Amino acid sequence: MNFEIPDPSTLKDLEAVAHRVAIACGRLIVDERPAHLEVAATKSSATDVVTIMDHRSEQLAMGLLQELRPDDGVLGEEGVDISGSTGVTWIIDPIDGTVNYLYGIPWFGVSVAAVVGDAGVEGGWRPVAGAVYNPITDELCSAYLSGGARLRGAGKVRDLRFDAPPDLASSLVVTGFSYSSGKRAWQGQIASELLPQIRDLRRMGSASIDICSLALGRADLYYESGINSWDMAAAWLIITEAGATMRGFDTPYPTKRMAIAGRADLAERIVEIIAPRWDELPRDS
Ligand code: IPD
Ligand code: CA
C-alpha cells in the first residue's frame, strides 16, 4: 500500500503539535482529577472503564487540534470522529491506562498520533508523527517519520535508541491482558508457556507507555492481543524510529489481534511460541 507522506518540515510540525496536545491533556488529567473519581461508564466489559477525565481529556485534545490543525481529521477512543481534508488524521488515546489512573497507579498517559491513510481500516494507515506523555514522571517520548525518536524529561532532550539483549532468555517481556475474560484464558496459556523461557514478564497497564519503555531501556520485548489503534499509533512510530520492529502475528504491521514490538528475531520467537495456539485465540477482539 502506498501512503502519501507529508514533507519533512510538515512532519516536524506535526510532532510539535502532538507534543503540545499530549502535554496539555496530561496536565489536565493530573491537575483536575476529582478528589473522588468515579467510573462514568463501562465499554467492552464490566472491567473496561471510562471516567469523566477520559472525556474531558479527549475534548481538550480535539479543541486544540481544531485550533492548530483545523483541516485534519480526528479520531478519539471515547467517540470523537471528525473527517478532514488534508490526508492527516489524529488518533488519540486521552488516557491510556485508565484502570491505573482510577487506582492511582502512576503508569498512565496520553497518546497523540498523526497518521496517513484510512485511520478506520486495520493496516490501512501509518503513523507519521506522535507523542506519548506520562504526566506523573513528566516524560514525553515523541517522533516523526524518518526523523528519529526523542525523550524530553528532567529539562533535557535525548535521542532514543532501542537496544535488545542477545536472546529470549535474557529478555524482560511486557504484555497486557484483555478486558474479555474468555480471551484472558488464552493469554494466560501463552504467558505460562513463555515464562520459563524469558527473564521475567511484566503487565504494567498502559500499552503506549509499555511500548515506549522498550525505547527507554526499561523492557526488551512487548506483545499483546487486543490493543486498538489509539493505544498503538504513536508508540508504534516511536519504537520503530528508535530502531525496533513492530508487527502483527502474520502481518508486517501490528493488528488488534496481535501486536509485537522488539528486535525482529526476538519478535519472531514470540510468533513461534504463539503459533500452535493461534487458531484458538477467541475472535471477540
Ligand atoms: C488499555 C491499556 C492496557 C491494555 C488494554 C488497553 P485503556 O487502554 O493500554 O495496557 O492492556 O488493551 O485497552 O483502556 O486504558 O485506554
Ligand atoms: Ca484510553
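Residues numbered from 1 in each chain as written. Chains lettered and ligands numbered in written order. Predicted model: local features only at pLDDT ≥ 70, side-chain atom pairs only at ≥ 80, totals over all residues. Heavy atoms only, no water.

(A) Representation of the coordination of the calcium ion (ligand 2). Listed as protein donors to the calcium ion (ligand 2) are Glu77 (OE), Asp93 (OD), Asp93 (OD) and Ile95 (O); their distances from the metal cover 2.1 to 3.1 Å. Look at where the donors of the calcium ion (ligand 2) fall in the sequence and you get E-x15-D-x1-I. Each member of the pair, Asp93 as well as Ile95, carries the same accessibility label: buried. (Donors = N, O, S within 2.8 Å, 3.2 Å for Na, K, Ca; no water. Buried < 20%, exposed > 50% of the residue type's maximum accessible area, 1.4 Å probe, protein only.)

(B) The arrangement of the packing of aromatic side chains in detail. Evaluation of the coordinates by the stated rule reveals 3 aromatic pairs. With a centroid separation of 5.0 Å and an interplanar angle of 75 degrees, the aromatic rings of Tyr101 and Phe108 are classed as edge-to-face. A single burial state applies to Tyr101 and to Phe108, both of which are buried. Taking the centre distance of 5.3 Å and the plane angle of 70 degrees together, the rings of Trp125 and Trp236 count as edge-to-face. Of this pair, Trp125 sits in strand β7 (residues 125-134) while Trp236 sits in helix α6 (residues 229-241), placing them 111 residues apart in sequence. (Phe/Tyr/Trp six-rings, centres within 6.5 Å; stacked < 30°, edge-to-face > 60°. Helix = DSSP H or I, 4+ residues; strand = E, 2+ residues; numbered from the N terminus.)

(C) Quick look at unusual backbone geometry. For Ser146, which is not glycine, the phi dihedral falls at a positive 65 degrees. Not every positive phi belongs to a glycine, and Ala154 is a case in point at roughly 50 degrees. Looking at where Ala154 falls in the secondary structure, it is placed in the loop between β9 (149-153) and β10 (156-159).

(D) Quick peek at the packing of helix α1 (residues 8-31) against helix α2 (residues 52-68). At a minimum axis distance of 9 Å, the contact between α1 and α2 shows a crossing angle of 150 degrees. Regarding the angle of α1 to α2, the classification is roughly antiparallel. Relative to α2, the crossing made by α1 is right-handed. In this structure, α1 uses Val17, Arg20, Val21, Ala24, Cys25, Leu28 and Ile29 to contact α2, whose residues at the interface are Met53, Arg56, Ser57, Leu60, Ala61, Leu64, Leu65, Glu67 and Leu68. For the contact of α1 with α2, the residue count by class is 12 nonpolar, 1 polar and 3 charged. (Axes fitted to C-alpha atoms, helices over the stretch in contact; angles between N-to-C directions. Parallel < 35°, antiparallel > 145°, perpendicular 65-115°, else oblique. Left-handed = near helix turned anticlockwise from the far one by under 90°. Contact = heavy atoms within 4.5 Å. Nonpolar A, V, L, I, M, F, W, Y, C, P; charged D, E, K, R; others polar.)

(E) Expanded view of the environment of Phe249. Checked against the element boundaries, Phe249 lands in the loop between β14 (245-247) and β15 (259-262). Spatially, the C-alpha atoms of Phe249 and Glu78 are 27 Å apart, while their sequence positions differ by 171 residues. Setting aside its immediate chain neighbours within four residues, Phe249 contacts Met258, Val271, Ile274, Ala275 and Trp278.

(F) Spatial organisation of a nonpolar patch on the surface. On the surface, Val99, Tyr103, Ile105 and Tyr179 cluster together into a nonpolar patch covering about 380 Å² of accessible area. Locating Tyr179 in the fold gives a position in the loop between β11 (172-175) and α4 (181-194). (Patch = residues over 30% accessible without salt bridge, like charges linked within 9 Å, V, L, I, M, F, W, Y side chains within 5 Å. Areas by Shrake-Rupley, 256 points an atom, 1.4 Å probe, with all protein chains shown as cover. Salt bridge = Lys/Arg side-chain N within 4 Å of Asp/Glu carboxyl O.)

(G) Geometry of the sheet that holds β15. Across the sheet, which stays open at both edges, the 5 strands sit in the order β12-β11-β13-β15-β14 with mixed pairing between neighbours. Two strands lie at the open edges of the sheet, namely β12 (200-203) and β14, each paired on one side alone. Ignoring strand direction, the axes of neighbouring strands in this sheet form an average angle of 15 degrees. The pairing of β11 with β12 spans 4 bridges and is parallel. Bridged to Leu172 within β12 is Asp200. (Pairing = 2+ DSSP bridges.)

(H) Here's a closer look at the site of ligand 1. If you check the shell around ligand 1, you find 15 residues, and the closest are Asp96, Gly97, Thr98, Ala207 and Glu224. With respect to ligand 1, the side chain of Glu77 contributes an N or O atom lying 3.2 Å from an oxygen atom. Between Gly97 and ligand 1, the recorded distance is 2.7 Å, taken from a backbone N or O atom to an oxygen atom. With the chains in place, 95% of the 370 Å² that ligand 1 exposes on its own is no longer accessible. Of the residues forming the shell around ligand 1, the biggest block, 3 residues, is contributed by strand β5 (residues 88-96). In terms of residue class, the shell around ligand 1 is built from 5 nonpolar, 4 polar and 6 charged. (Near = heavy atom within 4 Å. Polar contact = N/O pair within 3.5 Å; in protein donor to acceptor, adjacent residues only side chain to side chain.)

(I) Summary view of the pattern of salt bridges. A full pass over the atoms with the stated rule returns 14 salt bridges. Salt bridges linked by common partners bring Arg27, Asp31 and Asp138 together as one network.

(J) Local environment of α2. Here α2 contains 17 residues, and its C-alpha end-to-end distance of 24 Å stays within 8% of the 24 Å for a straight helix at 1.5 Å per residue. For α2, the set of buried residues is Met53, Asp54, Ser57, Glu58, Ala61, Met62, Leu64 and Leu65. Along its buried surface, α2 packs onto α1, β2 (49-51), β3 (73-76), β4 (81-82), β5 and α3 (98-103). (Expected span 1.5 Å × (residues − 1).)

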